[in-house]
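Residue-level listing of the chains:
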Amino acid sequence: MSDALPLAAPARQRKPDWIRVKAPTSAGVGETRKLMRRLGLATVCEEAACPNIGECWTKKHATVMILGDTCTRACAFCNVKTGMPRAVDAHEPEHVAVAAAELGLTHIVVTSVDRDDLPDGGASQFVKVIQALRRTTPATTIEILTPDFRNKAQAAVESIVEARPDVYNHNLETVPRLYPTIRPGARYYASLRLLESVKRHDPSIFTKSGVMLGLGEERLEVHQVMDDMRSADIDFLTMGQYLQPTPRHAKVAEFVAPKAFDAYAAIARAKGFLLVAATPLTRSSYHAGDDFAKMKAAREALLRRTPAHA
């Protein structure tokens, strides 16, 4: 028998004060959870362990995750489980519309897992959800956050754009250099082309994309991503702090200070984005309804300042 002492478990990284949030305990949180379970819906708030779930669910703002709760990819940053997904639920679009109505949502964010197993990557389910929402809650503005529809993007984007969501979001997540380790199933320039094609098909649809900071990216790499986004005519940039969901996921390389986020936001605004949200706790759907109103107002102000012939 060895006298060696057992190895100590690696210490968890201590989060700085600016990234800590209260546990979700309000009555609104419980009510929102019950509604989602009754309708058989998954939410990215739960599956991705979002730090803002307490604040958002207290206000009955939930981001619905369609096409099930199991992803065909295994990205190093994401807490959504990986495996072989179940069959697509034909009742899911109507259930999403019922949830929007019961929650009284004026703006809804709908995302999904990656479904590389489906011939269209799940694009037709996005279309059906948009159509169900238009029928049931016609005043609700719709923001979708789609996967990259690997090898199917052109047909997928065309069908979704034809259904006319108000905002089309697809996150680049990180800088190109980190894709092989952080987002190995995706390709940076394919994601950029997807967002560019949305604008090409319908310039009136707002486009949005986000990146996580703290994965080991360099400042100039982040600036280059901003330039690439503007080349693709992306309207809205979100930037937030990456948080390691479990010990098996990618480690946090750095907790980026709020002042650094402010500096990135100032640079992004100078590069011409209609709207920028950059704080440690910013996530794609955080304050999405308020941000949609601001983005709309920013576009209208820009159009007023731009001569008609331009």
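Residues numbered from 1 in each chain as written. Predicted model: local features only at pLDDT ≥ 70, side-chain atom pairs only at ≥ 80, totals over all residues. Heavy atoms only, no water.

1. Description of the pairing of strand 9 (residues 236–241)
For step 1, the next point in the chain: For strand 9, the buried fraction is high: six of the six residues fall into the buried class.
For step 2, the next point in the chain: Neither face of strand 9 is left uncovered, since the one carrying Phe236, Thr238 and Gly240 and the one carrying Leu237, Met239 and Gln241 both have all their residues buried.
For step 3, the next point in the chain: Here strand 8 (residues 206–213) runs beside strand 9; their pairing, made up of six bridges, is parallel. Considered in strand 9, the bridge of Lys208 is made with Phe236.
For step 4, the next point in the chain: Crossover connection from strand 8 via helix 9 (residues 219–231) to parallel strand 9: handedness right-handed.
For step 5, the next point in the chain: Crossover connection from strand 9 via helix 10 (residues 258–270) to parallel strand 10 (residues 275–278): handedness right-handed. (Buried < 20%, exposed > 50% of the residue type's maximum accessible area, 1.4 Å probe, protein only. Helix = DSSP H or I, 4+ residues; strand = E, 2+ residues; numbered from the N terminus. Pairing = 2+ DSSP bridges. Right-handed = clockwise from strand over helix to strand, strands pointing away.)

2. Focus on the environment of Leu178
For step 1, the next point in the chain: Within the secondary structure, Leu178 is located in the loop between strand 7 (167–169) and helix 7 (179–182).
For step 2, the next point in the chain: Taking the C-alpha atoms as reference, Leu178 lies 7.5 Å from Glu217; in sequence the two are 39 residues apart.
For step 3, the next point in the chain: Not counting residues up to four positions away in its chain, the partners in contact with Leu178 are Arg183, Leu215, Gly216 and Glu217. (Contact = heavy atoms within 4.5 Å.)

3. Section: the environment of Asp202
For step 1, the next point in the chain: Relative to the helices and strands, Asp202 resides in the loop between helix 8 (188–201) and strand 8.
For step 2, the next point in the chain: Among the residues examined, Asp202 registers a relative accessible area of 13% and is labelled buried.
For step 3, the next point in the chain: C-alpha of Asp202 to C-alpha of Arg164: the two residues are 38 residues apart in sequence and 8.6 Å apart in space.
For step 4, the next point in the chain: Among residues more than four places away in sequence, those in contact with Asp202 are Val161 and Arg164.
For step 5, the next point in the chain: A distance of 2.6 Å separates polar atoms of two side chains, one belonging to Asp202 and the other to Ser204. (Polar contact = N/O pair within 3.5 Å; in protein donor to acceptor, adjacent residues only side chain to side chain.)

4. Focus: the confidence of the model for the chain
For step 1, the next point in the chain: Summing up the model confidence of the chain, the mean pLDDT is 89 and the portion of residues at 70 or higher is 86%.
For step 2, the next point in the chain: Here residues 1–10 is a poorly scored stretch, pLDDT under 50, and it has zero contacts once near neighbours within four places are set aside; other chains count. (pLDDT = per-residue confidence, 0-100.)

5. Digging into the pairing of strand 5 (residues 107–112)
For step 1, the next point in the chain: Across the six residues that make up strand 5, a large majority, six, are buried.
For step 2, the next point in the chain: The two faces of strand 5 match: His107, Val109 and Thr111 on one face and Ile108, Val110 and Ser112 on the other face are all buried.
For step 3, the next point in the chain: Relative to strand 6 (residues 141–145), strand 5 runs parallel, the two being bridged by five bridges. Paired with Thr111 across the bridge in strand 6 is Leu145.
For step 4, the next point in the chain: Handedness of the crossover joining strand 5 and strand 6 through helix 5 (residues 123–136) is recorded here as right-handed.

6. Details of the packing of aromatic side chains
For step 1, the next point in the chain: Summed over all chains, the structure comprises four aromatic pairs.
For step 2, the next point in the chain: Taken together, a centroid distance of 5.6 Å and an interplanar angle of 90 degrees make the contact between Tyr179 and Tyr188 edge-to-face. Accessibility classification places Tyr179 together with Tyr188 in one group, the buried group.
For step 3, the next point in the chain: Centroid distance Tyr188 to Tyr189: 4.9 Å. Interplanar angle 90 degrees. Geometry classified as edge-to-face.
For step 4, the next point in the chain: Among the aromatic side chains, those forming a connected cluster through ring pairs are Tyr179, Tyr188 and Tyr189.
For step 5, the next point in the chain: Here the guanidinium or amino end of Arg230 rests over the ring plane of Phe273, the centre of that ring lying 5.4 Å away. (Phe/Tyr/Trp six-rings, centres within 6.5 Å; stacked < 30°, edge-to-face > 60°. Lys NZ or Arg CZ within 6 Å of the ring centre and 35° of its normal.)

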